[in-house]
Amino acid sequence: MTRKNLYILTLIFCFVLAPAFYGLVSASAQSTIKPNPTPTPAASKTPPKFATPTPQPTPDEEDDGEIRIDTEIVGLSVRVIDRNNRPINNLRKEDFKVYENNVLQPIESFTTAEVPTNYALVIDNSGSLRSQLEKVIDASKVIISTNRPDDETAVIRFVSRDKIEVKQTFTSNKMDLFDALDDMYIECCQTALIDAVYLAAEMTAEYEKSGARDDRKRRALILVSDGEDRDSYYNESQLFDLLREADVQIYAIGFVAELSNDGGFISKSPQKKAKSFLERLSEETGGKAYFPTSLTELNTIAADIASELRTQYLVSYYPTNDAKDGSFRSIKVVVTEGPNKQKRIAVTRSGRKAAGGSNSTQPIKKP
């Protein structure tokens, strides 16, 4: 072969065969390289929800003919007691003064008449209440037995965050409520107390909520627990933010005696921490906390709660500060002294969150 022919063959290889050869090599190399796997997102905690769906109330289809005004009205359930914690039930509108952020508010309406009450029984079914559950069920039936025809009650059992169960939605049927209580049983899990109160308060606040001026229903929770939270999604701050909007009174029955009373140098003991939490729940919502030392006290406590729910004053006012800025407003109710300078103490919620601002009912994830 001449030098000239060899040169021509070399050129043909470079321009025709070399690209094809390179393609074969490249394809072979790519077939041996595995693609990077798509990273799996890290698991995150999700907000708790009721273990069984809660039916939503059906809105009225007929127009009720009312003219609805987009004005915020604040309703307060107020208990009045003397120094010995005895109720005072013979007061008039003129005996009350309401302050919001230390500014006197004009009282729009005032009533001492019994009003329908929607309340939820929220009962701890964790192992810490094993020895008390039977008596708790009996005492709960005592409370339900005092219901008036227009009162409605729901029954909720809770253990962990994924075991918060509506055993009975709001109803006036006492036998259905008794059946729901009889279906309770103990399970051993990490108690999600805060989550249970959060969901129950949210449900109770929204049930039959009309926003109308004549909405005079009283709303409450009756909570039975040892007061110790072990594994909730929500924290205390988020819970109390909700309660400031919800206007739901909380009556707590705390079996704290069996919790450890040993605390650290700067930390409360589990018993003191649980008691403090239940007291704060009650005080800030205008309810009451009970700490029985014996199961024989339960029926008396049940009768007292039933009486407390029905011997209250209902006071409402249009706030002079009508800014819908979502801010917290402190509330204080003052009652005039009685004969012989008898001290009268008003017990109601400590404040409210104004409308507007950010939607605090949206779940906030823990970091």
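Check the entry above for the structure.
Residues numbered from 1 in each chain as written. Predicted model: local features only at pLDDT ≥ 70, side-chain atom pairs only at ≥ 80, totals over all residues. Heavy atoms only, no water.

Describing the overall build of the protein chain
No. 1: On a plain count of helices and strands, the protein chain comes out with seven helices and 14 strands.
No. 2: When burial is assessed residue by residue, the protein chain has 41% of its 367 residues classed as buried.
No. 3: Taking contacts inside the protein chain between residues at least 6 apart in sequence as the whole, the part at least 24 apart equals 80%.
No. 4: When the accessible surface of the protein chain is summed, it comes to about 20,700 Å², and 53% of that surface belongs to carbon and sulfur atoms. (Helix = DSSP H or I, 4+ residues; strand = E, 2+ residues; numbered from the N terminus. Buried < 20%, exposed > 50% of the residue type's maximum accessible area, 1.4 Å probe, protein only. Contact = heavy atoms within 4.5 Å. Areas by Shrake-Rupley, 256 points an atom, 1.4 Å probe, with all protein chains shown as cover.)

Let's talk about the sheet that holds strand 3 (residues 103-105)
No. 1: In space, the four strands of this open sheet follow the order 3-2-12-14, with antiparallel pairing throughout. Whereas interior strands pair on both sides, the edge strands pair on one side only; in this sheet they are strand 3 and strand 14 (351-353). Pairs of neighbouring strands in the sheet enclose a mean axial angle of 35 degrees, with direction left out of account.
No. 2: Bridge count for strand 12 (residues 328-335) against strand 14 is three bridges, and the pairing is antiparallel. Note on strand 14: the bridge partner recorded for Arg329 is Arg352. (Pairing = 2+ DSSP bridges. Axes fitted to C-alpha atoms, helices over the stretch in contact; angles between N-to-C directions.)

Description of empty space enclosed by the protein
Gaps left between atoms show up when a probe the size of a water molecule is rolled over them.
No. 1: Throughout the structure, instances matching the rule amount to four cavities of 30 Å³ or more.
No. 2: Taken as a whole, the largest cavity holds about 70 Å³ of empty space.
No. 3: As for the largest cavity, its lining consists of Phe240, Leu243, Arg244, Asp247, Val248, Glu284, Thr285, Arg349, Ser350 and Gly351.
No. 4: If you list the elements that add at least two residues to the lining of the largest cavity, you get helix 5 (236-246) and helix 6 (270-285).
No. 5: With three residues, helix 5 is the single largest residue contributor to the lining of the largest cavity. (1 Å grid on protein atoms, 1.4 Å probe; cavity = no way out; pocket = protein on both sides within 12 Å on 5 of 7 lines; lining within 4 Å. Points joined across faces, edges and corners; volume = space filled by probe spheres on them.)

Looking at the pattern of salt bridges
No. 1: Enumeration according to the criterion identifies 21 salt bridges in this entry.
No. 2: A salt bridge links Glu100 to Arg352, with the nearest nitrogen and oxygen atoms 2.9 Å apart. Note that Glu100 is positioned in strand 2 (residues 96-100) and Arg352 in strand 14, a separation of 252 residues in sequence. Taken individually, Glu100 and Arg352 each receive the classification buried, so the pair is uniform in this respect.
No. 3: The salt bridge partner of Arg157 is Glu187, with a shortest N-O separation of 3.1 Å. In this pair, Arg157 sits in strand 6 (residues 152-158) while Glu187 sits in the loop between helix 3 (174-182) and helix 4 (193-206), placing the two residues 30 residues apart along the sequence.
No. 4: Given the relative accessible area of 18%, Glu187 is considered buried. (Salt bridge = Lys/Arg side-chain N within 4 Å of Asp/Glu carboxyl O.)

Here we look at the state of the cysteines
No. 1: The tally for this structure, following the rule as stated, stands at zero disulfides.
No. 2: Here Cys188 stays free of any disulfide, with the sulfur of Cys189 as its closest cysteine sulfur at 7.3 Å.
No. 3: The exposure class of Cys188 is exposed, given its relative accessible area of 59%. (Disulfide = S-S within 2.5 Å.)

Some remarks on the nonpolar core
No. 1: Formed by 38 residues in total, the largest nonpolar core has its most connected members in Val122, Ile156, Leu221 and Leu281.
No. 2: If you tally residues by element for this core, the top one is helix 4, at ten residues.
No. 3: Setting aside anything within four residues of it in sequence, one finds Leu281 in contact with Val197, Leu223, Leu239, Phe240, Leu243 and Ile250.
No. 4: Counting 28 residues, the second largest nonpolar core, distinct from the first, contains Tyr119, Leu129, Val136 and Ile143. (Core = buried A, V, L, I, M, F, W, Y, C linked by side-chain atoms within 4.5 Å.)

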